[in-house]
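Listed here are the chains, written in short residue letters.
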Amino acid sequence: MATLLDPHARGRVILAGAGPGDPGLLTVRAVEALRIADIVVHDGLIDPRVLDLAPATAQRISVAKRRARHTLPQEAINALIVAHVKTGAIVIRLKGGDPFIFGRGGEEVEAVRAAGLTVEVIPGVSAALGCAAEAMLPLTHRDHSSAVSFVAGQCKGLQDQDWSGLAGQGRTLVIYMGVATAAVIADKLMADGVAPDMPVAVLERGTLAGHRALRTLLADLGAMVARERVGSPAVIVVGEVVELSDAEDKLARWARIAEETEA
């Protein structure tokens, strides 16, 4: 019986997580899948070295998404995948991080199944886990946090969402896609009762060249993102565990600069 990684088993989709960026964080199974690809449908932030693992003959199709500017809407991506699979191709749908954590992988699996086609999912190292590990930031810790939650910071009705209880003493909150709305996020959390002096880390371009890990306090989050010109991709971590990280304390540095300027 043929397995999904059998190159002779035609006409199927392998939905694979590419990890947070560094090609070394790909799973062995994801590498095996890329090596048998006919078509690679990939996100915009996939490292070119990852795409190079596919055969030179494989067609590479970017469906990059940026804030307020999508190459293709999700429905069109689903239709693209299905159309190629129906030709008998082995389609690798390559997504940054893990396909099932804010990657809309569930929608793509539903579309492929609805078309009566075969699909497999290969998990990947999520952006939160990869970036936190690089910054030596444990998302849970016996003495500081027994729970961790993941939320999206870029979506409709952000201020109306109920995040109460997700951040605070003994809890860690990880926010994806929150750079553009950092100030709103900080105000929202403080309005929900999170202390203004709660430690916060911003992990920018984790595992990629030029990565930064910046630490501040919740009340300073929006201002720090602006003055440090933080860009995407980045994740925000809120919680006491931030104090354990290797992140540079940008608030302390800013205070020192202000003191030196006044002197």
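Higher on the page you've got the structure.
All of the points below concern the structure found in this document. Nothing here was measured: the structure is a model prediction, and the numbers come from that model.

## Looking at the sheet that holds strand β7 (residues 118-122)
Sheet strands pair via backbone hydrogen bonds, and the direction of the pair is either parallel or antiparallel. With parallel pairing, the 5 strands of this open sheet are ordered in space as β3-β2-β6-β1-β7. Each end of this open sheet is capped by a strand with a single partner; those strands are β3 (59-62) and β7. Here the average twist between neighbouring strands, direction ignored, is 20 degrees. Both strand β1 (residues 12-17) and strand β6 (residues 90-95) contribute to a ladder of 6 bridges, which runs parallel. Note on β6: the bridge partner recorded for Gly17 is Lys95. Running at roughly 155 degrees to β6, helix α3 (residues 74-85) makes contact with β1, β2 (39-42), β3 and β6 of the sheet. Of the strands in this sheet, β1, β6 and β7 touch helix α4 (residues 105-114), which is tilted by about 160 degrees from β7.

## Points about the sheet that holds strand β11 (residues 212-217)
Here 6 strands make up an open sheet; going across it, the order is β8-β9-β12-β10-β11-β13 and the pairing mixed. Both outer strands of the open sheet, β8 (145-152) and β13 (248-249), are each paired with one neighbouring strand and no more. Looking at chain direction, β8 and strand β9 (residues 170-176) are connected through 7 bridges and run parallel. Within β9, the position partnered with Ala147 by the bridge is Arg171.

## What to know about the packing of α3 against α4
Where α3 meets α4, the closest approach of the two axes is 10 Å, and the angle between their N-to-C directions is 45 degrees. Taken together, the axis directions place α3 and α4 in an arrangement best described as oblique. Our pair here, α3 against α4, has a crossing hand that is right-handed. Residues Gln74, Ile77, Asn78, Ile81 and Val82 of α3 touch α4, and the partners they reach there are Glu107, Glu108, Ala111 and Val112. Looking at the contact of α3 with α4 residue by residue, the class counts come to 5 nonpolar, 2 polar and 2 charged.

## Focus on the pattern of salt bridges
Within this structure, the stated rule accounts for 11 salt bridges. Between Arg29 and Glu120 there is a salt bridge, with its nearest N and O atoms 2.8 Å apart. Placement of the pair is Arg29 in helix α1 (residues 28-34) and Glu120 in strand β7, with a sequence separation of 91 residues. Given a relative accessible area of 38%, Arg29 falls into the partly exposed group. Of the residues examined, Glu120 reaches a relative accessible area of 11% and is grouped as buried. We note a salt bridge from Arg212 to Glu228, for which the minimum N-O separation is 3.5 Å. With Arg212 in strand β11 and Glu228 in the loop between α7 (221-227) and β12 (234-238), this pair connects stretches of sequence that are 16 residues apart. With relative accessibility at 27%, the residue Arg212 sits in the partly exposed group. Shared partners join several salt bridges into a network, and the residues in it are Asp43, Arg93, Lys95 and Glu108.

Calculation criteria
Residues numbered from 1 in each chain as written. Predicted model: local features only at pLDDT ≥ 70, side-chain atom pairs only at ≥ 80, totals over all residues. Heavy atoms only, no water. Pairing = 2+ DSSP bridges. Helix = DSSP H or I, 4+ residues; strand = E, 2+ residues; numbered from the N terminus. Axes fitted to C-alpha atoms, helices over the stretch in contact; angles between N-to-C directions. Contact = heavy atoms within 4.5 Å. Parallel < 35°, antiparallel > 145°, perpendicular 65-115°, else oblique. Left-handed = near helix turned anticlockwise from the far one by under 90°. Nonpolar A, V, L, I, M, F, W, Y, C, P; charged D, E, K, R; others polar. Salt bridge = Lys/Arg side-chain N within 4 Å of Asp/Glu carboxyl O. Buried < 20%, exposed > 50% of the residue type's maximum accessible area, 1.4 Å probe, protein only.

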